[in-house]
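A structural walkthrough
Each chain is listed here by its residues.
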Amino acid sequence: MSRAAAAAVLDSASLDAFRQVCDLAAPPVLDDLSTPRAKSLLADVDLLITGWGCPVLDEEVLRAAPRLRAVVHTAGSVRAHVTDACWERGIEVSSAAAANALPVAEYTLAMILLAGKQILERARDFTASRRRDDWLRTPDTIGNYRSTVGILSASLIGRRVVELLRPHDIRVLLHDPYVSDTDAAELGVERVELAELFARCDTVSVHTPLLPTTRGLVGRALIDSMPAGAMLINTSRGAVIDQEALTDAVLAGRIRAVLDVTEPEVLPPDHPLWDCENALITPHLAGSQGNEWRRLADLALAETARWASGTGFLHPVRRERLAFLA
């Protein structure tokens with residue numbers, strides 16, 4: 001992984017814990033697998049602990065690592081470094097995607113509830129006026145009681161958002177072409193088609209991974225079908241949404257948006273969404289940050305211990321599932 005990623009995710013306590021379950025190579029961390037030192041270490045490696053900035057594990061790297069049998073990733077997606085050569089050799093792969101899903105879901109829940117109460121807009125108006133409106137005249141479009149929230153994709157994050165919404169008096173709709181009515185009933189949600197999700201929901205939260213089939217999935221027709229004043233939340237990838245269509249709808253005041261990701265990321269300095277009162281843009285912070293990095297390290301440590309004991313990974317990444325994963 002990159003040295004910055006190692007410094008963020010693997011503190012001294014985590015490194016000491018790893019040393020209890022494996023012979024951990026001494027620092028510095030490997031951020032270039034072509035150096036003489038890297039090749040010397042790779043010759044004896046059974047398992048790689050990887051993270052953000054990991055070099056590609058291609059055939060050349062694998063030739064230098066004849067004993068390599070497993071990769072434990074301290075972040076989410078493994079697409080950037082785990083190659084076909086890894087799968088063809090039968091290398092086992094684990095990811096901390098389940099751990100990274102938790103703070104994203106927490107961010108999403110917070111934004112759903114804030115959106116329902118229109119907290120950001122009302123706080124802005126209160127700051128500007130310095131006086132309280134007649135709260136008994138609050139329109140019935142404000143509030144979370146029996147509101148309808150749509151979840152786009154029953155991904156790890158999408159499923160966790162559904163779980164977090166259960167204690168609330170909120171109706172949850174789900175669109176995911178790979179979820180059956182029986183699966184939806186077990187999740188406690190109503191499965192609907194994509195167009196219905198956008199047409200019926202007060203808030204739609206996007207959790208689909210960016211794949212060739214999902215690029216631009218949320219297009220102008222879907223955005224324009226959303227009820228007036230609805231909220232669109234995106235914590236997945238900016239390219240899942242038609243950025244131009246979203247911008248037009250938000251600037252027109254038809255809908256509101258909470259965007260932790262955009263296309264491109266970051267938006268150009270003169271992009272109109274920066275100054276739009278109907279949009280909240282955050283700097284891709286929903287995923288693990290700060291003390292949440294320790295959760296990633298803890299999961300990777302547990303996976304390493306399981307693998308070393310012969311138990312096998314609890315969070316394996318399967319090659320046949322790659323078409324559905326970020």
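Use the structure listed above.
All of the points below concern the structure found in this document. Quick caveat, the model's predicted, so the values are computed rather than measured. Numbers given to residues run from 1 along each chain, matching the order in which its sequence is written. Residue-level local features of this predicted model are given only where pLDDT is at least 70; pairs of side-chain atoms are given and counted only at 80 or more, and the full residue set underlies all totals for whole chains, interfaces and linings. Side-chain measures were taken over the full set of non-hydrogen atoms in the model, leaving aside hydrogen atoms and water.

Regarding the sheet that holds strand 5 (residues 170-175)
Being paired, for any two strands, means DSSP has found at least two bridges between them. The helix and strand labels rest on DSSP assignments: H or I over at least four residues marks a helix, E over at least two residues marks a strand, and numbering proceeds from the N terminus. Taken together, seven strands build an open sheet; the order of strands is 6-5-4-7-8-9-10 and the sheet is parallel. Of all the strands in the sheet, the pair left with one neighbour each is strand 6 (190-191) and strand 10 (279-281). Of the pairings in the sheet, the one linking strand 8 (residues 231-234) to strand 9 (residues 256-259) comprises four bridges and is parallel in character. Paired with isoleucine 233 across the two strands is valine 258, which belongs to strand 9.

Looking at the pattern of salt bridges
Salt bridge, as used here, is a side-chain nitrogen of Lys or Arg placed within 4 Å of a carboxyl oxygen of Asp or Glu. Throughout the structure, instances matching the rule amount to 19 salt bridges. Ionic pairing is found between arginine 3 and aspartate 31, a salt bridge with its closest N-O pair at 3.3 Å. One end of the pair, arginine 3, is in helix 1 (residues 3-9); the other, aspartate 31, is in the loop between helix 2 (12-19) and helix 3 (36-42), with 28 residues separating them in the sequence. On the basis of relative accessibility, which here comes to 47%, the residue arginine 3 falls in the partly exposed class. In this structure, arginine 319 engages aspartate 84 in a salt bridge whose closest nitrogen and oxygen atoms are separated by 3.6 Å. Taken together, the positions of arginine 319 in the segment after helix 13 (293-308) and aspartate 84 in helix 5 (residues 84-89) put the pair 235 residues apart, joining distant regions of the chain. Three exposure classes are used, based on accessible area relative to the maximum for each residue type with a 1.4 Å probe and protein chains only: buried under 20%, partly exposed in between, and exposed over 50%. On the basis of relative accessibility, which here comes to 48%, the residue aspartate 84 falls in the partly exposed class. Through salt bridges with shared partners, one network takes in Asp11, Arg294 and Asp298.

A short note on the nonpolar core
The criterion is simple. A nonpolar core is a set of buried Ala, Val, Leu, Ile, Met, Phe, Trp, Tyr and Cys residues joined through side-chain atoms within 4.5 Å. Core analysis: the biggest nonpolar cluster contains 28 residues, and Leu197, Phe198, Ile223, Leu232, Leu246 and Val250 have the highest contact counts within it. Of all elements in the fold, only helix 10 (194-200), strand 7 (203-206), helix 11 (220-224), helix 12 (243-251) and strand 9 reach the threshold of two or more residues within this core. Looking at which element gives the most residues to this core, the answer is helix 12, with four residues. Counting residues in hydrophobic clusters, the runner-up holds 25 residues, among them Leu109, Val161, Ile170 and Ile233.

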